[in-house]
Every structure is written in C-alpha cells, then in structure tokens.
Amino acid sequence: MMGAKLITGGIVINANYTGEADVLIEGESIAAVVAPDSEISKSAHHSDTEVIDASGMYVIPGGVDAHVHLQLPMTPETTSSDSFASGTAAAAWGGTTTVIDFAGQIKGTAIPHAIESRLEEASGQCAIDYGLHLSVGDVNQQSLIDLPKTLDEGISSYKLFMAYPDAWYSDDGQILQVMQLASETGAMIMMHAENGIAIDVLRDQAIERGKTGSIWHGRTRPPELESEAAHRAIQLAVVAGSPLYIVHLSSSNALAEVARARDDGRNVFAETCPQYLYLSLEEHLDQPGIDGVRHICSPPLREFSDGHQDNLWKGLRTDDLSVVATDHCPFCDAEKMLGAEDFRQTPNGLGVIEHRMDLLFQGVLQGEITLQRWVEICSTTPARLFGLQGKKGAIAPGADADVVIYDPNKEHVLGAETHHMAVDHSAWEGVAVTGQAVSVLSRGQYVIKDRTFVGNEGHGQFLRRKIPDVLR
Ligand code: URP
Ligand code: ZN
Ligand code: ZN
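The model shown is predicted, which means the values in this text are computed figures rather than measured ones.

**Student:** Report on the nonpolar core, specifying residues and quantitative values.
**Tutor:** With 92 residues, the main nonpolar core has Met-191, Leu-244, Leu-360 and Trp-374 as its most contacted residues. Here the element with the most residues in this core is helix α8 (residues 223-240); it accounts for seven residues. Both domains that furnish three or more residues to this core are identified here as domain 1 (5-61 + 394-409 + 434-453) and domain 2 (63-390). Beyond its immediate chain neighbours, meaning those up to four positions away, Leu-360 contacts Pro-274, Leu-277, Trp-313, Leu-316, Val-324, Ile-369, Trp-374, Ile-377 and Cys-378.

See below:
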C-alpha cells in the first residue's frame, strides 16, 4: 500500500467550503480534512507521512469532465486525434482527474457489442479514471431490452441525438421510449438538442447556392433550431418522467427553455462548454480556409453580438447551467481541411480537455463565478449527476484522493507548442491565462508532480457509475 500523504498549508475549496485545511491521504482515499494545527496534522509531521507543502495554493477536487470523445471514429476517414492515453494525460495536465467518454451504438449494431468494444479500446490506456456513457444510435426492440442491463455494468446515462439524421438521429417516438425506460431505472438522459432534419435542409440549400465556407456551418444551425429541440426534449422528458441533461448548450435561446423548465421544478439540467463561453461565430468561425474550419463544432459557435456568451455566464451563476464539460473532440488540420470546399465534410469538434479548469478559472478572476462555483460546475455537480457522488468531486473523507494543487497566480499562454493534446493546432492559440495545476493526484498517486508528468497509461480505472443523484 502507498504511504500516507499530508497536503498542508493550502486553501481547500469545495463546492460548499473554502478555508485553510490540511488533507490527509491514506492509500487511494482521503482520510481526513482537518485544521492545520490539529493533532492529525501534527502527528503526520512526525511520522513517515509524505508532507506536501501547498502554501499559497488552492487544493481542489480533481476536475470531472463529463463529456469527452477520445479516439472517436467520426466518419470512415476520420477519428478524433486524442487517444485514451494522450487525452487522459492532457486532461491531467489541466487538473482533470475523471473523464466520461461514450460507447457508441451505431445503426445496425447491438448495445452489448458497443460497450464491450469501447471498454476494450480504453482498457489499460488511461492515465486517470474514466467512465462511459452510452450513445444510443439505434432505438429498436432489442435496444430497449439491452438498455436496463447497462446499469449493471456501471453505465447509467444515455445520449440521444435529435441531430445527425444520417447517423445518430432518433425520432420523437424513439426518444420517448428510451426516456420512459430511464424514468423506471433512474438513468440520466443526455440530449444533443438540435433539429437535425431542418438543419440538413438548410445545409443542402446553402451548398446548392455555393455557400461552402465554414461560416455556413454556423448559419445553417441557427439557435432557434437548438431551442426548438431543447423545448421538445424537455416536453418529452416531462411526459416520460425521466431526468434530462442537455449537452453542449450553446445559445441564449436554448438556455431560456432550460431556465423555464427548471423554474417549473422539472428534472432538467444542462451543460455548456468553454468554447461557447469564449469563442464566437464572428471572430472564429467566420474566417477563410483553415482558420475557419478549425472552429467547426456542433452546435456551432454563436454570435457574440447577440449576447449568448453573457447569458451563458449568467446561466452558470443562476444554476440554469449546472455543468461545464468540454465535448473534447479534436481533429488535426488535415482532417479539418476535408471540408475546405464543403463545410459539411469537416469533422465536428474542438480540442479543449486540457484547458477547461484554467479557462473557467478566468471566469472567477473576471468576477463571473465564485471560486466555489468553479469547483461545483467543473467537478462536484458532474460527479453527482453522473453517479459518482461520494467518490469524486469533493475533498472529503472517504472520497477518492483525486486532488489538484492549483497555483492561482501562475501566468501562462495556451497554444499548440505547449499543450499536451494530440492535435496540431489550438482553438486557444495565444490566450493568456492566470492559474495552473501544479500537481495532480489520482487516487492518491501523482499523475502530475510539479509540472512533470509522472503518471502511467494503466493507472486509470473504469468507473462503474451509480444511478445519478437526482430526484425521481
Ligand atoms: O462538434 C461536436 N460536438 N463533436 C462531437 C460530437 C457531439 O455531437 O458531441
Ligand atoms: Zn452532441
Ligand atoms: Zn459530444
């Protein structure tokens, strides 16, 4: 068994507490969180416990990124460029100690096969702990028989798609049936809320008119078609009685639907992503050539001038947005350029996994959210909503010792030269930030020690997640 560690002199930040405290780690778990002058601290100093000086640092629970796509086959020609190994290492560099990826049931295939093969791909590869949601791409009689069994395997959340008619799309009847099932079992329904049928018409019309550039990716996915889908998903979830979590929410329009549902007391939650808080259609997507296609993701970046970013920050303050995840899904320039002549051919997604904690910490420095809210939306709430309550997302006795020692004053600049994600460009090139993870522990073991990677690919364990901690 690993020796004990005492992290001393730092300021512990939990979702519900900020203060000077020492953290005692025994083996893989947090054994105690105590006052620095407590007997536990004093005796640790006089034993063979490793004492870690965190003076001037924040001590926070490791980040929980509830939405990532590592080595995701997007099209027959393209796979997202971070592997389970490189992506989880990059996550750790940025202070994230848990990721939840997806097993994907593509049309014509069976759910057990999708889970088995994804587990095989990830096994022995990850530097930090990982879980899997299930993307349900073929709702049929057999799928409805197979779905409840996923809970025994620790998969307690299903992503459904109102977008991508050629691939992952489910119609309203299919969605309702999976929601009815989730209302019985307590599984979480995650929704990609964009009206894909209408979007495909707009996309084809744009191409026919010679509108082939990346800006048209955004123009053909207007926010109204996100809010329409969000509204429909919410009504279906109300009818079925299931919890609903809208993924990668990008617009004021969709946020208003979530806010109304939450005001009505509905079991509705939503996540946004750093790209929707910081990047915009005008500045980033509306660029010629490679600079534009690099920023293609779905939903698209939104118009800054329409106030989406301000409203998303407000949603994070009011808890209408409960989580910030990354939707990390990077592709190298060669793949992004497949859409140089036709935006529809560009694989969707950006590289973000390494920067989420730092980017959201800028929100603290800019007065958008509090320190505790930072921890809550990046760690505590995603753990709770996805069945990791008690284990992840808090510096508390009994929890896994996933701990980040975070320097709130360290200034650095993001970019492809220095990042650890396996992608040859950065959506964050040249962005100067303050704050950085100095050391990162996963279940009591260093993954990052004083800005050096000391982890290993087999350390990360598959997380058998419980039923989400939401009202039923
Ligand atoms: O552009 C995105 N979001 N790529 C990843 C796939 C998805 O829909 O989450
Ligand atoms: Zn999606
Ligand atoms: Zn995604």
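Structure shown, so let's carry the discussion forward.
**Student:** I'd like a description of the site of ligand 1, backed by residues and values.
**Tutor:** Every residue lining ligand 1 is accounted for by His-67, His-69, Lys-159, Tyr-164, His-192, His-248, Cys-297, Ser-298, Asp-327, Cys-329, Asn-348 and Gly-349. His-192 has a polar side-chain atom sitting 3.1 Å from an oxygen atom of ligand 1. Between ligand 1 and the protein, one listed contact pairs a nitrogen atom with a side-chain N or O atom of Asp-327 at 2.5 Å. Taking 270 Å² as the accessible area of ligand 1 by itself, protein coverage stands at 97%. Split by residue class, the shell around ligand 1 holds three nonpolar, seven polar and two charged.

**Student:** Provide a residue-level description of the coordination of the zinc ion (ligand 3), including the pertinent values.
**Tutor:** Each protein donor to the zinc ion (ligand 3) is listed here as His-67 (NE2), His-69 (NE2) and Asp-327 (OD); together their distances run 1.9 to 2.1 Å. One way to put it: the four donor atoms around the zinc ion (ligand 3) meet at angles of 88 to 135°, and that makes the site irregular. The sequence pattern describing where the donors of the zinc ion (ligand 3) fall on their chain is H-x1-H-x257-D. In this structure the zinc ion (ligand 2) is found 4.0 Å away from the zinc ion (ligand 3). Pair noted here: His-69 is in the loop between β8 (63-65) and β9 (73-75) and Asp-327 is in the loop between β17 (323-324) and α14 (333-336), with a separation of 258 residues, a long-range link. Assigned by exposure class, His-69 and Asp-327 land together as buried.

**Student:** Can you break down the coordination of the zinc ion (ligand 2) residue by residue, with the values?
**Tutor:** Listed as protein donors to the zinc ion (ligand 2) are Lys-159 (NZ), His-192 (ND1) and His-248 (NE2); their distances from the metal cover 2.2 Å. Judged by its relative accessible area of 3%, Lys-159 falls in the buried class. What makes His-248 buried here is its relative accessible area of 1%.

**Student:** Provide a residue-level description of the sheet that holds strand β12 (residues 129-136), including the pertinent values.
**Tutor:** Read from one edge to the other, the open sheet built from eight strands follows the order β8-β11-β12-β13-β14-β15-β16-β17, with strand pairing classed as parallel. Each edge of the sheet is formed by a strand with only one pairing partner; in this case those strands are β8 and β17. Strand direction decides the pairing type here: β12 and strand β13 (residues 157-161), joined by two bridges, are parallel. Looking across to β13, one finds that Ser-135 is bridged to Lys-159. Against the sheet, helix α9 (residues 252-263) engages β15 (244-246) and β16 (268-272), with an angle of about 150° to β16.

What counts as what
Residues numbered from 1 in each chain as written. Chains lettered and ligands numbered in written order. Predicted model: local features only at pLDDT ≥ 70, side-chain atom pairs only at ≥ 80, totals over all residues. Heavy atoms only, no water. Core = buried A, V, L, I, M, F, W, Y, C linked by side-chain atoms within 4.5 Å. Buried < 20%, exposed > 50% of the residue type's maximum accessible area, 1.4 Å probe, protein only. Helix = DSSP H or I, 4+ residues; strand = E, 2+ residues; numbered from the N terminus. Domains from an automatic or database assignment. Contact = heavy atoms within 4.5 Å. Near = heavy atom within 4 Å. Polar contact = N/O pair within 3.5 Å; in protein donor to acceptor, adjacent residues only side chain to side chain. Areas by Shrake-Rupley, 256 points an atom, 1.4 Å probe, with all protein chains shown as cover. Nonpolar A, V, L, I, M, F, W, Y, C, P; charged D, E, K, R; others polar. Donors = N, O, S within 2.8 Å, 3.2 Å for Na, K, Ca; no water. Tetrahedral: all angles 85-135°; square planar, octahedral: opposite > 155°, others 65-115°. Pairing = 2+ DSSP bridges. Axes fitted to C-alpha atoms, helices over the stretch in contact; angles between N-to-C directions.

Any functional reading would require information beyond the geometric quantities listed.
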